[in-house]
Structure formats: C-alpha cells, structure tokens
Amino acid sequence: MLIQLNTDKSVKETAAALQIAVPAHKFGVMQVHDLKETMWKKGVVFDHECLIFEVCQPEQAKKVLDENLSISTALPCRISVYEEGGKTVLATLKPTTLLGMFNTPQLNDAAQEVEDTLVKIMTEAAAA
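Conventions adopted
Residues numbered from 1 in each chain as written. Predicted model: local features only at pLDDT ≥ 70, side-chain atom pairs only at ≥ 80, totals over all residues. Heavy atoms only, no water. Helix = DSSP H or I, 4+ residues; strand = E, 2+ residues; numbered from the N terminus. Rg over C-alpha atoms; globule rule 2.2 N^0.38 Å. Buried < 20%, exposed > 50% of the residue type's maximum accessible area, 1.4 Å probe, protein only. Pairing = 2+ DSSP bridges. Axes fitted to C-alpha atoms, helices over the stretch in contact; angles between N-to-C directions. Contact = heavy atoms within 4.5 Å. Polar contact = N/O pair within 3.5 Å; in protein donor to acceptor, adjacent residues only side chain to side chain. Core = buried A, V, L, I, M, F, W, Y, C linked by side-chain atoms within 4.5 Å.

Enquirer: Can you explain the overall build of the chain? Please cite residues and give values.
Expert: Within the chain one finds 5 helices and 5 strands. Radius of gyration (C-alpha) of the chain: 15 Å, near the 14 Å computed for a compact globule of 128 residues. In terms of overall dimensions, the chain has a C-alpha envelope of 40 × 35 × 25 Å along the principal axes. Looking at the chain residue by residue over its 128 residues, the buried ones come to 41%.

Below, the structure is given as structure tokens:
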C-alpha cells in the first residue's frame, strides 16, 4: 500500500529535487504543505520536518474522474518527504491500491501508469 524510498539528502534538498522531477514527468506540483509550519501556526509544537507535495497529471486525473467522480476523494496524489531515523524518506500511497478500493478494474492500467511515474519521480528526487 505504501511506497517508500530513503535518501541521504536533506528534506530541503529532496524537496528541491522533487520540484524538478515532477514537471519532468508531465506532472504538476499543485501545493506543498509544510506540516511543521502549519502546526506551529495552530499553536502545536511539531518537531518533525515533513513536506507533503500534492501532484497531479491532468489527463490521467480526468480519465479517472470521468469514470468515477467519487475517486476525487483520493486525489491529488501525494508525495511526503520527511526525516526519520537520520534519513530522509519519500513516501506515497500506491495509486493501484487506492483505485482498487473503488471497484474500477477498467482503471487498472491508468493507476499502474501513475504509480510507475510516481516511483520514477521519487527515485530521481532521491538520487544523489
């Protein structure tokens, strides 16, 4: 259900690499959420670096949503970048698993294509 990659890069270095890798694969970065900053603004002390990238490939999203609009609850795709145990981790939920929850086997190929691309993006961002 979860794809995780480790890197020796810092969270900030990995985030910068994602900003390059995402558009290189015809995806777009819609938003980046800084959990530490957001929680601090809400008066909550959260000592972990964690950035959540919302990414989307519009043509794939349209294909999926035209088939089943309730899948919008699982979009856009997210890639988290956080520090854990001295390593930076990139993680995402598998689109194949998420779409499998919606009983839409006709979207299996689209889900696999998106998943494969997310792995490529994450692998490029993690590379030294």
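Enquirer: Explain the sheet that holds strand β5 (residues 87-93) to me, and be specific about the residues and the numbers.
Expert: Judged by pairing direction, the sheet is antiparallel, and its 5 strands sit side by side in the order β1-β5-β4-β3-β2 without closing on themselves. At either margin of the open sheet sits one strand with a lone partner, and together these are β1 (2-7) and β2 (28-34). Averaged over neighbouring strand pairs, the angle between their axes works out to 20 degrees when direction is ignored. Judged from the 6 bridges that link them, β2 and strand β3 (residues 50-56) form a sheet pairing that is antiparallel. Bridged to valine 29 within β3 is valine 55.

Enquirer: Go over the side chain of threonine 7, please, and point to the residues and values.
Expert: Among the secondary structure elements, threonine 7 is positioned in strand β1. By relative accessible area, threonine 7 is classed as buried at 5%. Beyond its immediate chain neighbours, meaning those up to four positions away, threonine 7 contacts Thr14, Lys87, Thr88, Leu90 and Ala126.

Enquirer: Could you give an account of the side chain of threonine 92, with specific residues and numbers?
Expert: Residue placement: threonine 92 occurs in strand β5. Of note is the side chain of threonine 92, whose polar atom sits 2.5 Å from the backbone oxygen of arginine 78. Each residue touching threonine 92, except ones within four places of it in the same chain, is listed here: Met1, Leu2, Ile3, Arg78, Ile79, Leu118 and Met122.

Enquirer: Tell me about the nonpolar core, and name the residues and values.
Expert: Counting residues in each nonpolar core, the largest one holds 21 residues, and the members touching the most others are Leu18, Phe53, Val55, Ile79 and Leu90. Of all elements in the fold, only α1 (11-24), β3, β4 (77-84) and α5 (108-126) reach the threshold of two or more residues within this core. Beyond its immediate stretch of four places on either side in the chain, isoleucine 79 contacts Leu18, Leu51, Ile52, Phe53, Val55, Leu90, Ala91, Thr92, Leu118, Ile121 and Met122.

Enquirer: Outline unusual backbone geometry, listing residues and values.
Expert: For the bond running from leucine 75 to proline 76, omega is -5 degrees, close enough to zero to count as cis. Here proline 76 shows up in the loop between α3 (58-67) and β4. Look at lysine 26: it is not a glycine, yet its phi comes out positive at around 60 degrees. Note that lysine 26 resides in the loop between α1 and β2.

Purely geometric stuff here, so don't read any function into it on its own.
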